[in-house]
Amino acid sequence: MRAVQWLRERDNNLAATRRAARTAIVMPAMFAIGSKVIGGSEIATFAAFGSFAMLLLADFSGPKLGRIQARIGLSLVGAVFVCLGTLASRWAWVAAIAMAVVAFAVLLAASVSSVLAGATTALLLAFILPVCLPGDPSVIPERLEGWALAAGGALVASLVLWPVPARDPLRGPAIAACRAIAGRLRIEVGHVRGEPGVSSEQCEEAAFAARQGVHQLRQAFYASPYRPTGLSTSARTVVRLVDELSWLVAIVDQSHLPADGPSSARKAGDVKLAAAEVLERGAELLDGGPIDGVRRALTQLRARLDDLERTATAALPVRRADGSEQHAAEFLTALDPTFRAQEMSFAVKVIGENIVLTAAAEQRHWWQQLLGRQPEGVSTTLVAAQERAASFTERHSVWLHNSLRGAVSLGLAVLVADLTEVQHAFWVVLAAISVLRSNALSTGQNILRGMIGTTVGIVIGGALVWAVGTNINLLWALLPVAILLAGLAPATISFAAGQAAFTLTVVILFNIIEPVGWKVGLVRIEDIALGCAVSLAVGVLFWPRGASSALGQALAEAYSESGRYLQSAVDYGVAHCDEQAASPAVPHAEALHAAAASRRLDDAFRGYLAERGAKPISLGEVTSMITGVAGLRLAADAVLQLWEREDGSGGGDRERAREELRSSGAAVAEWYDELANALAGRGPVPQPIRHDKLSDARLIDAVRRDLSGEDARGTATAVRMIWTGDHLDAARRLQRTLIGPAAELIDQHARGLLAAGPHLHPEPPPVLSDADEPAEGQLTH
């Protein structure tokens, strides 16, 4: 029991234990069938190392059908690689170029899907093995036979031996976060309305639980070195919940209902309760519940929001409009609860619709999935793959850098191994891929650990071979134990321990083939040293600073593109309410660019988390910058949705109002462009935009006719114009939270810990005092 507890503490869900145990059973069996039953060395070699690749190095999650499809796909692509590698193996330069091309394609393709990312190393091994073992085309059938033997054994083992439970790393935390936020909304509305048994302490506890739920969701999201989502429709929709729930909890933190506010404030509370219902029914649906409950809750939320829009300006001080700053502040303070409710309802609506799409995708008939038919509102798998691949081909992409670095390293390793005529070129290339990391420092550290581990493995293996002597049966008995250790040690002990266990496995394996004693270990350490030298040279020459140097640039691009998207969304909205203008085009291109920049930022942050060593920038500061990007982009989505139902009705001086919003949107976008320049090392951190109270008054005066009907109720158009300005105000308020973390990032640039640039400004600019800031929710430009 102590051993099991020790494993559980170091091996999450016993994933490595499961893979290692399967490999320890299947690999010796396949090796025995190939060498003893069939009697072919090529078959035995490819059966053994193919089993090693497909069981130990490949990891697939999700439903059983998806895992079967993934393993079949790995087997087929691996078979193609076996053929291509064998054909290229006869000429050194052809082998090196082919290795580099295949490695680049495989590594870059992994950015498209977590399924491909989980099979990356296994696919590379399927090409490395044949390209490093020169052979004529006549050996291809035997090699394919060995690979097919390994593929069949791996498929059966994955289904029979400790099958992986159908799991989605994000679904459970997303369900918990939805329920926690829903509980908070219900408790806060009950507390404001004076319901018995609801205290302020319960509100605080509910708020903490909601934040903690979203925090755990983000932890699950960043737990893997790649984005945990495949190309399936349900996987693509579930992963969207990470940013959306993070944004929602930030909105709820700022949304407070007055205890004795106007009727519109009570209707804002009704919207909150309807939003809580959507989240609760959505959590049930993600957990296998009915889809109709979410659809009914969404319908109710839309009805509550329509009612809120119709009564948003009831009992507001519209008739005393005099264009003054004081009146603007009074008016907007009264309107704030309705804006917060609208902002929150949009976030909840998007979350609920994504959950419905997830369920609709999972409930499709098999023939609909086979034909690629998608629920309405979801792009096809091919389009999604193209968008993701395009995101990572930008020249600053960390994934592109890592793909190029890996391709050059493996290509050079094949060339060097061939030109130096080492005994086992395969080990040289394996060493190169094993120690290569995203920066030179981590690569060097891994080289040291790898050499130490290999030396320890040689000593243990040599002593073992000396003790066993020529007893082949005993070596066969020890082989599964060595394989089990080789699979467990990297995950539960260390990289060096894993190298020691793998070296021990190699010593035993080669002594079974041909008793050569411990000297095979010396050959291995020479080959490993050669491969490590290649990786170190590539790591020093190609982006040696790794993800840390790219993080600032990725943040810069994400803020610039998201700010531009927000400006385009505002321009779309104000043009949409122009009765004389043609229908404006939805800014799809800007939305795609912002999403692509966000994916590159996500990748850079994962690389930053994965790199060894102390972090020069606190993770809390970096996380706040990344969350800011998501909030800015989703605010643009909210503005677009706000104007989807606009009918252009009402009066008022629309041109003046449109000009106010356009200038405000341009100012906000310009500020985020300046922030991007600062993060990229091209200027100082800009000061936050000050609150322009006169602009508030001008906007309200411009739509006063809309807001001052005979029944004292404003039109939907005027309210949406005010709410658009409030979304811009939220983007402006975000600036105050960003300048401190941005200054810290730039300070690390100046110290040389990140990519340095000219005109650095390590200190944050002065921040407006609380006295200079308007009341929460007031419109500012």
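Residues numbered from 1 in each chain as written. Predicted model: local features only at pLDDT ≥ 70, side-chain atom pairs only at ≥ 80, totals over all residues. Heavy atoms only, no water.

What follows concerns the overall build of the chain. Of regular secondary structure, the chain possesses 29 helices and zero strands. Taken across its 781 residues, the chain has 55% of its residues classed as buried. Restricting to contacts in the chain with at least 6 residues of sequence separation, those with at least 24 account for 81%. Carbon and sulfur atoms form 59% of the exposed surface of the chain, whose accessible area is close to 31800 Å². (Helix = DSSP H or I, 4+ residues; strand = E, 2+ residues; numbered from the N terminus. Buried < 20%, exposed > 50% of the residue type's maximum accessible area, 1.4 Å probe, protein only. Contact = heavy atoms within 4.5 Å. Areas by Shrake-Rupley, 256 points an atom, 1.4 Å probe, with all protein chains shown as cover.)

Secondary-structure assignment places proline 741 in helix H29 (residues 716–750). The contacts of proline 741, once residues within four sequence positions are left out, are Glu621, Ser624 and Met625.

On to the environment of glutamate 280. Mapped onto the secondary structure, glutamate 280 falls in helix H12 (residues 263–286). Distance from glutamate 280 to glycine 293, taken between C-alpha atoms, is 9.4 Å for residues 13 residues apart in sequence. Among residues more than four places away in sequence, those in contact with glutamate 280 are Ala182 and Arg186.

A word on the packing of aromatic side chains. For any pair of aromatic rings, the description rests on two quantities: the centre-to-centre distance and the angle between the ring planes. For the structure shown, the criterion picks out five aromatic pairs. Between phenylalanine 81 and phenylalanine 127, the aromatic rings sit 6.0 Å apart at their centres with planes inclined by 85°, giving edge-to-face as the arrangement. In this pair, phenylalanine 81 is assigned in helix H4 (residues 64–88) and phenylalanine 127 in helix H7 (residues 120–131), connecting sequence segments 46 residues apart. The same class applies to phenylalanine 81 as to phenylalanine 127, namely buried. (Phe/Tyr/Trp six-rings, centres within 6.5 Å; stacked < 30°, edge-to-face > 60°.)

Time to look at the nonpolar core. Core analysis: the largest hydrophobic core is formed by 107 residues, its most contacted members being Ile181, Leu245, Leu248, Tyr559 and Tyr672. It is helix H23 (residues 547–576) that provides the largest number of residues to this core, a total of 13 residues. Those residues in contact with tyrosine 559 that lie beyond four places of it in its chain are Ser624, Met625, Gly628, Val629, Leu632, Tyr672, Leu675, Leu679 and Leu738. Ranked by size, the runner-up nonpolar core spans 74 residues in total, among them Ala53, Ala150, Ala154 and Ala425. (Core = buried A, V, L, I, M, F, W, Y, C linked by side-chain atoms within 4.5 Å.)

Moving on: the pattern of salt bridges. Inspection of the entire model under this criterion finds 19 salt bridges. Taking the shortest distance from any N to any O, the salt bridge between arginine 281 and glutamate 277 comes out at 2.5 Å. In this pair, arginine 281 and glutamate 277 are both assigned in helix H12, four residues apart and thus about one turn of the helix distant. According to the relative accessible area criterion, glutamate 277 is partly exposed, its value standing at 23%. We note a salt bridge from lysine 349 to glutamate 353, for which the minimum N-O separation is 3.1 Å. Of this pair, lysine 349 and glutamate 353 both sit in helix H14 (residues 325–362), four residues apart, roughly one helical turn. Through salt bridges with shared partners, a single network forms among Arg186, Glu277, Glu280, Arg281 and Glu284. (Salt bridge = Lys/Arg side-chain N within 4 Å of Asp/Glu carboxyl O.)

Remark: H4 packs on helix H8 (residues 140–160), axes separated minimally by 10 Å, with the N-to-C direction vectors making an angle of 165°. For the element pair H4 / H8, the angle class is roughly antiparallel. Considering only the axes of H4 and H8, their crossing is right-handed. For the pair H4 and H8, the contacting residues are Lys64, Ile68, Arg71, Leu74, Ser75, Gly78, Ala79, Val82, Cys83, Thr86 and Leu87 in the first and Ile140, Arg143, Leu144, Trp147, Ala151, Ala154, Leu155, Ser158 and Leu159 in the second. Looking at side-chain class alone, the contact of H4 with H8 contains 13 nonpolar, four polar and three charged residues. (Axes fitted to C-alpha atoms, helices over the stretch in contact; angles between N-to-C directions. Parallel < 35°, antiparallel > 145°, perpendicular 65-115°, else oblique. Left-handed = near helix turned anticlockwise from the far one by under 90°. Nonpolar A, V, L, I, M, F, W, Y, C, P; charged D, E, K, R; others polar.)

Further remarks concern helix H5 (residues 92–109). The end-to-end C-alpha separation of H5 is 26 Å, in line with the 26 Å expected for 18 residues at 1.5 Å each. The set of residues buried in H5 consists of Ala92, Ala95, Ala96, Met99, Val102, Ala103, Val106, Leu107 and Leu108. Those residues of H5 hidden inside the fold are in contact with H4, H7 and helix H17 (398–420). (Expected span 1.5 Å × (residues − 1).)

In this section: the environment of glycine 197. By the secondary structure assignment, glycine 197 is in the loop between helix H9 (171–192) and helix H10 (200–221). In this structure, the C-alpha to C-alpha distance between glycine 197 and isoleucine 187, residues 10 residues apart in sequence, is 9.9 Å.

Confidence in the prediction of the chain, expressed as mean pLDDT, is 75, and 70% of residues score 70 or more. For the chain, helix H15 (residues 366–370) is the element with the lowest average pLDDT, namely 49, and H8 is the one with the highest, namely 91. The low-confidence segment residues 753–781, where pLDDT is below 50, has 92 contacts with residues more than four positions distant or belonging to other chains. (pLDDT = per-residue confidence, 0-100.)

The terminal C-alpha atoms of helix H21 (residues 495–513), which comprises 19 residues, lie 27 Å apart, in line with the 27 Å expected from a rise of 1.5 Å per residue. Across the 19 residues that make up H21, a large majority, 17, are buried.

Pairs of packed helices are described in terms of their axes, by the angle between the two and the distance that separates them. It is the contact of helix H3 (residues 41–57) with H8, at a shortest axis distance of 7 Å, that shows an interaxial angle of 35°. Considering the relative orientation of H3 and H8, their crossing is right-handed. For the pair H3 and H8, contact is made by Glu42, Ile43, Phe46, Ala47, Gly50, Ser51, Met54 and Leu55 and by Glu142, Arg143, Glu145, Gly146, Trp147, Leu149, Ala150, Ala151, Ala154 and Ala157, respectively. Class assignment for the residues of the contact of H3 with H8 results in 11 nonpolar, three polar and four charged.

For arginine 732, the position within the fold is in helix H29. Residue classification places arginine 732 among the buried residues on the basis of a relative accessible area of 1%.

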